[in-house]
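Observations on the model geometry
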Amino acid sequence: AQKVTQAQTEISVVEKEDVTLDCVYETRDTTYYLFWYKQPPSGELVFLIRRNSFDEQNEISGRYSWNFQKSTSSFNFTITASQVVDSAVYFCAPLGWSGATNKLIFGTGTLLAVQP
Amino acid sequence: NAGVTQTPKFQVLKTGQSMTLQCAQDMNHNSMYWYRQDPGMGLRLIYYSASEGTTDKGEVPNGYNVSRLNKREFSLRLESAAPSQTSVYFCASTRDLSSGANVLTFGAGSRLTVL
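Residues numbered from 1 in each chain as written. Chains lettered and ligands numbered in written order. Predicted model: local features only at pLDDT ≥ 70, side-chain atom pairs only at ≥ 80, totals over all residues. Heavy atoms only, no water.

Some details on the pattern of salt bridges
Residues and elements named next belong to chain A. Within this structure, the stated rule accounts for 4 salt bridges over all chains. Linking R63 and D86 is a salt bridge whose minimum nitrogen-to-oxygen distance equals 2.8 Å. With R63 in the loop between strand 7 (59–61) and strand 8 (64–69) and D86 in the loop between strand 9 (74–79) and strand 10 (88–96), the pair connects residues that are 23 residues apart, well separated along the chain. You can call R63 partly exposed: its relative accessible area is 25%. (Salt bridge = Lys/Arg side-chain N within 4 Å of Asp/Glu carboxyl O. Helix = DSSP H or I, 4+ residues; strand = E, 2+ residues; numbered from the N terminus. Buried < 20%, exposed > 50% of the residue type's maximum accessible area, 1.4 Å probe, protein only.)

Written as structure tokens, this is what we have:
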């Protein structure tokens, strides 16, 4: 079974600050995937990134970057030069692949508030 | 493209009433899911259907039933609503989550209040 901890319940930053959202996961599977989803104030859930356990390279997409460290079971998400539009709840979710896993379990989420 | 459609978007019930939340997807996805979202609790999986004809319990199945009516539709039923079931409910679907190659597509959510 997978478990994920997002210890930061709420984070408040001022626009243009960098911010890192932490995600620590637990899984017994040797092969697994990690997801991040965003939920803006409008309420919809938007997929941001998927990473598999074989690939430990960091990923950068514009102002977003993800740091995957297998040794510490962490998959942290950094927003550089934050903007008000980044205000949302962000969810991390691990998916273990043991050949019979079909469900995605989410963390409790981190509410990010970016102040102008 | 409609994606995942949930109905109704809002519903108010009295304790003990029953209702069904409907979910339909037009992406030919095999797997469908029902989550609930409560403040401070994140998204919790209620039930899921890995493929047409199968359903399985998630983290919080008590008080709910589901039906995978066909490949497109997956309904969630509250037989006797309780105030603890006040929540926002999300339906999601994907082609196949077992390999991790696909991602969940979510509906817009259904806000349910039980008085």
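Structure's up, so let's keep going.
Description of the packing of aromatic side chains
Residue and element names in this part refer to chain A. Enumeration according to the criterion identifies 20 aromatic pairs over all chains in this entry. Residues Y64 and W66 carry aromatic rings whose centres are separated by 6.0 Å and whose planes lie at 85 degrees to one another, so their mutual orientation is edge-to-face. Both residues of the pair, Y64 and W66, belong to the buried class. Relative to F75, the ring of F68 lies with its centre 5.9 Å away and its plane at 85 degrees, an arrangement referred to as edge-to-face. (Phe/Tyr/Trp six-rings, centres within 6.5 Å; stacked < 30°, edge-to-face > 60°.)

Here's the deal with the side chain of Q6 of chain A
All names here are of chain A. With respect to the helices and strands, Q6 occurs in the loop between strand 1 (3–5) and strand 2 (10–14). At 3.0 Å, the side chain of Q6 forms a polar contact with the backbone oxygen of Y90. Within the structure, the side chain of Q6 is placed 3.0 Å from the backbone nitrogen of C92, a separation counted as a polar contact. Discounting residues that sit within four places of it in the chain, Q6 has contacts with D22, W36, Y90, F91, C92, G107, T108, G109 and T110. (Polar contact = N/O pair within 3.5 Å; in protein donor to acceptor, adjacent residues only side chain to side chain. Contact = heavy atoms within 4.5 Å.)

Points about the sheet that holds strand 8 (residues 74–78) of chain B
Residue and element names in this part refer to chain B. Pairing is antiparallel in the open sheet, where 4 strands are placed in the order 1-3-8-7. Looking at strand neighbours, the two that pair on one side only are strand 1 (4–7) and strand 7 (65–68), the edges of this open sheet. Strand after strand, the sheet turns through a mean of 15 degrees between neighbouring axes, direction not considered. Sheet topology note: the strand 1/strand 3 (residues 19–25) ladder contains 4 bridges and is antiparallel. Paired with T5 across the strands is A24, a residue of strand 3. (Pairing = 2+ DSSP bridges. Axes fitted to C-alpha atoms, helices over the stretch in contact; angles between N-to-C directions.)

A closer look at the side chain of Q8 of chain A
All names here are of chain A. Within the secondary structure, Q8 is located in the loop between strand 1 and strand 2. Among the polar contacts listed, one links the side chain of Q8 to the backbone oxygen of T20, at a separation of 3.2 Å. One polar contact links the side chain of Q8 to the main-chain amide nitrogen of D22, over a distance of 2.6 Å. Here Q8 is in contact with T20, L21, D22, G109 and T110, once residues within four sequence places are set aside.

Quick notes on the interface of chain A and chain B
Contacts between the two partners involve 19 residues from chain A, matched on the other side by 23 residues from chain B. Across the chain A/chain B interface, buried area totals approximately 1800 Å², and carbon plus sulfur atoms make up 61% of it. On inspection of chain A and its partner chain B, the count reaches 0 salt bridges. The set of elements that each furnish at least two residues to the side of chain A that touches chain B consists of strand 5 (32–39), strand 6 (46–52) and strand 10 of chain A. If you tally residues by element for the side of chain A that touches chain B, the top one is strand 5 of chain A, at 4 residues. Tallied by class, residues from the side of chain A that touches chain B come to 11 nonpolar, 6 polar and 2 charged. (Buried area = accessible area lost by both parts, 1.4 Å probe. Nonpolar A, V, L, I, M, F, W, Y, C, P; charged D, E, K, R; others polar.)

Details of unusual backbone geometry
For the peptide bond that leads from T7 of chain B to P8 of chain B, omega is -5 degrees, which places it in the cis range. Note on placement: P8 of chain B falls in the loop between strand 1 and strand 2 (10–13). Phi at S73 of chain A is positive, roughly 50 degrees, even though this residue is not glycine. Position of S73 of chain A relative to the elements: it lies in the loop between strand 8 and strand 9. For S73 of chain A, a relative accessible area of 24% gives the class partly exposed. Notably, A81 of chain A is not glycine yet its phi reads approximately 50 degrees, a positive angle. Mapped onto the elements, A81 of chain A comes out in the loop between strand 9 and strand 10.

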